[in-house]
Amino acid sequence: MKIFIFHLMPYSDLDMSYADKYRAAWVVLPNSYFDPKKGHELYNRYLDELELAAELGFDGISVNEHHQNAYGLMPSPVVMAAALSRRTRNARIAILGNAFCLREHPLTLAEEHAMIDCITGGRLISGMVRGIGAEYYSLGANPAFSHARFQEAHDLVVQAWTRPGPFAFEGEHYHFEYVNLWPRPYQQPHPPIWAPSTGSTETIEWAAHPSRRYVYLQAYSPAQSVVRYLNYYRECARRMYGYTASSDQIGWSTPVYVADTDEKARQEAKPHIECLFNRLLRLPFEMLFPPGYLSAKSLKNMRSHKRSVSGQEHTIDTLIEQGIIVCGSPDTVRKQFMDAHRLLGFQNLLCLLQFATLPRDLTEKNIRLFASEIMPALQGLTDKEYGGMAVQAAE
Amino acid sequence: MLQHTEIDVRGCKLNLHRGGHGEPLLFLHGAQGLSDHEPGIEALTANFDVIAPDHPGFGKSDQCAAIDDINDLALFYLDLLDALELDQLHIVGQCIGGWLALEIAIRTTAPIKSLVLVNSAGLRIKGVPRADMFVCSEADLLKLLFAAEGAAEWLASWRASPDLEDIYDRNRAAAARYSWSPRLCNPKLEHWLHRIDVPTHIIWGEQDRVIPPAYAAALKDRIAGATMATLPDCAHMLHIEQPQAFASEVSQFIRRAAR
């Protein structure tokens, strides 16, 4: 199994009483809450944390994109990937992901990814996402064309990376007379493409298509959704497309906190993980799902789901119980991942080891404990330990 | 009473609400679509042959792949007028529907006898803030759309059945498709308003915050000979909040224009 550390780079100095005045830490939260001096410290601290993970033997370090919010300070993950590319030697650098389709000009991102891939000698992983609903308010892109633009931006970028140029791209949303990428990516035919999602059958079916076979990464989900969607990928490959998906095509992303004992882990993580879910992820329905962002069917499902959980504040106990986060002693955490692997066989694991207000010292302790106590056992896991669908049927 | 009929316009199935007798009047609805109970539009059937389509993607009309923006919609409606063999008609448009009426009229006023713009989108006056009806919560949306009475009733009418709930969501998605960016306007529209050479009346809800009354004055300044009326005790959904006042404003204006 490949182990990645994932960072959101939150604005952890946020005055959390913002919630008394503003309905979200996104879109409408005034940027007067952001202090550039704190920003300077945070960016450098967070980069240190990722570099530390690379030194400790994580297979990859990963960053992502969000706009105009306090939850994640990386409107351009490319900037972070570039900063990391010269400070690391072996770790994969995973941008999970970039929302190519939010841009009027996705080729600028295609160029930047190719540059990073060349600089790092082929260590880049390119995640492609639509961006969450809030980005469509912040950047003005029309959510009603989000799906169509996502697919077209993907086609444009892959062609730009692989087809000899110059050629013309004649799409519905994108039109370019000269596509002729300098530089071309280092990896051939192109950097691996991953599709991170919080659970969308449309995304899974798209990622699993035999012409793509992209890594599907399930993020931020209760354990039962992780099971449902990761299995759906394998089923989809088999039933819809007639091939057996490799376990390398499957990944899970989750917040993780490790301490000496279960109790200590809970106690140390509690204020910070609750801040993540209740404060930084505070997003009203209208912001999360702008009109047209979801298909009619998905919106209907989401509405009924949201009605049943609306008003619910997360506590660390509910988060652990539902399997949205993994938290405990090294034995507890290791066992939980090994059990999950036996059940689901994912060969990629992304761990969010810093979250919300988790301070520098606890973050470093978390990274070091995870690297020494848990990672070696997981890195040795292969398909031999995966029980396959039969295990689930039996259980 | 309005009856539903369906018409196929070059492959796009359009749902029409139609009723009444008199000169033809095309009602172009706004971002909220047409609800099941539209007393203002029904009141117009006393004097007019009212034709109120669900725009493509709204209500029970198809979403046509080729219709992406307000320009496509304007041309599509010119096709609809040809298909219905309508000319000499009055156009009444609210919100996005008013914007659409303007986009049709700057292309041609040949089939148009008069124009009524109700809390119309389309223009952008720099520095005049407009509330965003997409980002706000449902409770805030109701406060934006309605000055007082009728908001809860209107929302309840959409919650009456799962089909209507679906249409409510569908309408929001279609509204975003046509008006997300630039929000509710075509920045170039004002350069072409001189082409409108038919009697034009502007009706505005005094408390509209989606398109504040400053926009009514701006339209009046830019459309030759336009007249204007501001109605008290109503906001963006004037035709629902003040159905009788709305219908009589429209009817009286058309009568005046005929003289």
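Heads up: the structure comes first, above all this text.
Residues numbered from 1 in each chain as written. Chains lettered and ligands numbered in written order. Predicted model: local features only at pLDDT ≥ 70, side-chain atom pairs only at ≥ 80, totals over all residues.

### Here's the deal with the packing of helix α12 (residues 330-344) of chain A against helix α13 (residues 360-379) of chain A
Residue and element names in this part refer to chain A. Running from amino to carboxyl end, α12 crosses α13 at an angle of 30°, the nearest separation of the two axes being 10 Å. Compared by their axis directions, α12 and α13 come out roughly parallel. You can see that α12 and α13 cross each other, and the crossing is right-handed. Mapping the contact onto sequence places Pro330, Val333, Arg334, Phe337 and Met338 in α12 and Leu369, Glu373, Ile374, Ala377 and Leu378 in α13. Split by residue class, the contact of α12 with α13 holds eight nonpolar, no polar and two charged. (Axes fitted to C-alpha atoms, helices over the stretch in contact; angles between N-to-C directions. Helix = DSSP H or I, 4+ residues; strand = E, 2+ residues; numbered from the N terminus. Parallel < 35°, antiparallel > 145°, perpendicular 65-115°, else oblique. Left-handed = near helix turned anticlockwise from the far one by under 90°. Contact = placed C-beta atoms within 7 Å. Nonpolar A, V, L, I, M, F, W, Y, C, P; charged D, E, K, R; others polar.)

### Some remarks on the interface of chain A and chain B
Each side of the interface is counted separately: chain A has 15 residues, and chain B has 14 residues. Considering every element that reaches the side of chain A that touches chain B, the biggest residue donor is helix α10 (residues 296-309) of chain A, with three residues. Broken down by class, the residue content of the side of chain A that touches chain B amounts to ten nonpolar, three polar and two charged.

### Notes on the environment of Glu235 of chain A
Residue and element names in this part refer to chain A. Among the structural elements, Glu235 can be located in helix α7 (residues 223-240). Given 14 C-beta atoms within a 10 Å radius, Glu235 is considered partly exposed. Considered as a pair, Glu235 and Ala245 are ten residues apart in the sequence and their alpha carbons are 8.5 Å apart. (Buried ≥ 20, exposed ≤ 12 C-beta atoms within 10 Å, placed from the backbone.)

### Re helix α2 (residues 70-84) of chain B
Residues and elements named next belong to chain B. Compared with the 21 Å implied by 1.5 Å per residue over 15 residues, the 21 Å span of α2 between its first and last C-alpha is a close match. Taken as a whole, α2 has its buried residues at Ile70, Leu73, Phe76, Tyr77, Leu80 and Leu81. The arc enclosing the buried residues of α2, seen along the axis, measures out at 150°, which places them on a common side. Among the structural elements, β1 (3-9), β2 (12-19), β4 (48-53), α3 (96-107) and α6 (162-179) are those in contact with the buried residues of α2. (Expected span 1.5 Å × (residues − 1). Arc of directions from axis to C-beta.)

### A closer look at the nonpolar core
Judged by nonpolar contacts, the single largest core of 118 residues is most densely connected at Ile5, Ile61, Tyr216, Tyr233, Ile273 and Phe370 of chain A. Residues in contact with Ile61 of chain A, not counting those within four places in the same chain, are Phe4, Ile5, Leu50, Ala53, Ala54, Leu84, Thr88, Ala91 and Ile93 of chain A. (Core = buried A, V, L, I, M, F, W, Y, C linked by C-beta atoms within 7 Å.)

### Some remarks on the pairing of strand β8 (residues 215-219) of chain A
All names here are of chain A. A large share of β8 lies buried, amounting to five of its five residues. Neither face of β8 is exposed, since Val215, Leu217 and Ala219 on one face and Tyr216 and Gln218 on the opposite face are all buried. Alignment of strand β7 (residues 193-197) against β8, held across four bridges, turns out to be parallel. Bridge pairing links Trp194 to Val215 in β8. In the classification by handedness, the crossover that spans β7, the intervening helix α6 (residues 201-208) and the parallel β8 is right-handed. Here β8 pairs with strand β9 (residues 250-258) via four bridges, running parallel. Within the sheet, the bridge partner assigned to Ala219 lies in β9 and is Ser253. (Pairing = 2+ DSSP bridges. Right-handed = clockwise from strand over helix to strand, strands pointing away.)

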